[in-house]
Amino acid sequence: MIRLWLLCFIIMSVEVAASDTPENLSIKGSFKFTMIDSSGSLMLGEYISSASEITSASACYLAVSADDDYFFSYPVDIALQKEGDILIPSFTIKALYIDENSNYYIKPIDSVQFKVADLSVNETSWQKLVIKNNTVLFDPTTDKGLLAFHHLTLGQPLNVELAKSEKPYNVRIEVLPLSQKTARLARKCMKVIDS
């Protein structure tokens with residue numbers, strides 16, 4: 001009998017938690033810097049002591065981690081990647097859901113936009129691709145992608161807004177400006193990759 005009551009309590013707790021998920025949510029995120037040098041080696045920002053160590057680059061990444069209290073994580077990558085002589089700025093986001101068995105699922109995102117300084121980007125101003133439920137926006141002109149990266153390295157905050165078909169339906173992610181060290185590393189990587 002005790003087991004039956006315990007089982008009923010657990011089921012009711014899970015249902016109450018699911019129904020308590022808000023429709024709109026605002027969360028905070030934080031930046032990390034990583035890069036790939038021209039030889040293909042991954043360099044993590046926390047292990048680079050000075051921007052002078054960056055002498056070559058084939059990719060620069062500003063990664064954002066943001067988690068809500070409802071079992072979702074929203075990883076974001078703002079990237080500058082070099083393919084031959086072509087520079088490809090991109091913005092990638094996914095909605096990761098973790099279930100009660102610690103399994104991760106990527107949930108579809110219906111729409112996304114981001115803002116940094118006076119630059120606003122969405123899927124109509126940049127090309128949108130959905131690859132295995134990862135939403136990727138590419139800058140077809142390169143100019144706005146470089147400008148977004150530049151604004152971030154000058155200490156501008158990032159705001160991301162996304163919509164999806166399950167609660168929370170609308171999520172706003174506010175990312176504080178880069179730390180001074182991270183900004184110096186990202187600026188140097190951007191300068192090297194764009195030369």
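Use the structure listed above.
What this report covers is the structure whose coordinates are included nearby. The shown structure was predicted, so the numbers you read here are calculated from the model rather than taken from an experiment.

### A short note on a nonpolar patch on the surface
Together, L42, L44 and Y47 line one region of the surface with nonpolar side chains, adding up to about 350 Å² of accessible area. Given the relative accessible area of 58%, L42 is considered exposed.

### Topic: empty space enclosed by the protein
Applying the stated criterion across every chain, the model contains 1 cavity of 30 Å³ or more. Together, I78, A79, L80, P89, S90, F91, F114, W126, G145, A148 and F149 line the largest cavity. Where the lining of the largest cavity is concerned, the elements lending two or more residues are β5 (76-83), β6 (86-93) and α2 (143-153). Looking at the lining of the largest cavity residue by residue, the classes come out as 9 nonpolar, 2 polar and no charged.

### A few points about unusual backbone geometry
Excluding glycine, most residues fall at negative phi; most peptide bonds, likewise, are trans. Residue K167 is joined to P168 through a cis peptide bond whose omega torsion reads -10°. On the secondary structure map, P168 appears in the loop between β13 (158-163) and β14 (170-175). Residues other than glycine seldom take positive phi values, yet F71 does so here, at roughly 70°. Residue placement: F71 occurs in the loop between β3 (59-65) and β4 (72-73).

### Remarks on the packing of aromatic side chains
Counted according to the given criterion, the structure contains 4 aromatic pairs. Centroid distance F72 to Y97: 5.1 Å. Interplanar angle 55°. Geometry classified as tilted. Here the residue F72 occupies a position in strand β4, and Y97 occupies one in strand β7 (residues 95-98), the gap between them amounting to 25 residues. Taking the relative accessible area as the measure of exposure, F72 reaches 4% and is therefore buried. Here F91 and F114 contribute two aromatic rings whose centre-to-centre distance is 4.5 Å and whose plane-to-plane angle is 15°, an arrangement assigned as stacked. Here F91, found in strand β6, pairs with F114, found in strand β9 (residues 111-116); they are 23 residues apart in sequence, far enough to count as distant. For the residue pair F91 and F114, the accessibility class agrees, reading buried in each case. Taken together, the ring pairs in this structure connect F72, Y74 and Y97 into an aromatic cluster. Between K164 and the ring centre of F72, over which it is positioned, the NZ or CZ distance is 3.7 Å.

What counts, and where the lines are drawn
Residues numbered from 1 in each chain as written. Predicted model: local features only at pLDDT ≥ 70, side-chain atom pairs only at ≥ 80, totals over all residues. Heavy atoms only, no water. Patch = residues over 30% accessible without salt bridge, like charges linked within 9 Å, V, L, I, M, F, W, Y side chains within 5 Å. Areas by Shrake-Rupley, 256 points an atom, 1.4 Å probe, with all protein chains shown as cover. Salt bridge = Lys/Arg side-chain N within 4 Å of Asp/Glu carboxyl O. Buried < 20%, exposed > 50% of the residue type's maximum accessible area, 1.4 Å probe, protein only. 1 Å grid on protein atoms, 1.4 Å probe; cavity = no way out; pocket = protein on both sides within 12 Å on 5 of 7 lines; lining within 4 Å. Points joined across faces, edges and corners; volume = space filled by probe spheres on them. Helix = DSSP H or I, 4+ residues; strand = E, 2+ residues; numbered from the N terminus. Nonpolar A, V, L, I, M, F, W, Y, C, P; charged D, E, K, R; others polar. Phe/Tyr/Trp six-rings, centres within 6.5 Å; stacked < 30°, edge-to-face > 60°. Lys NZ or Arg CZ within 6 Å of the ring centre and 35° of its normal.

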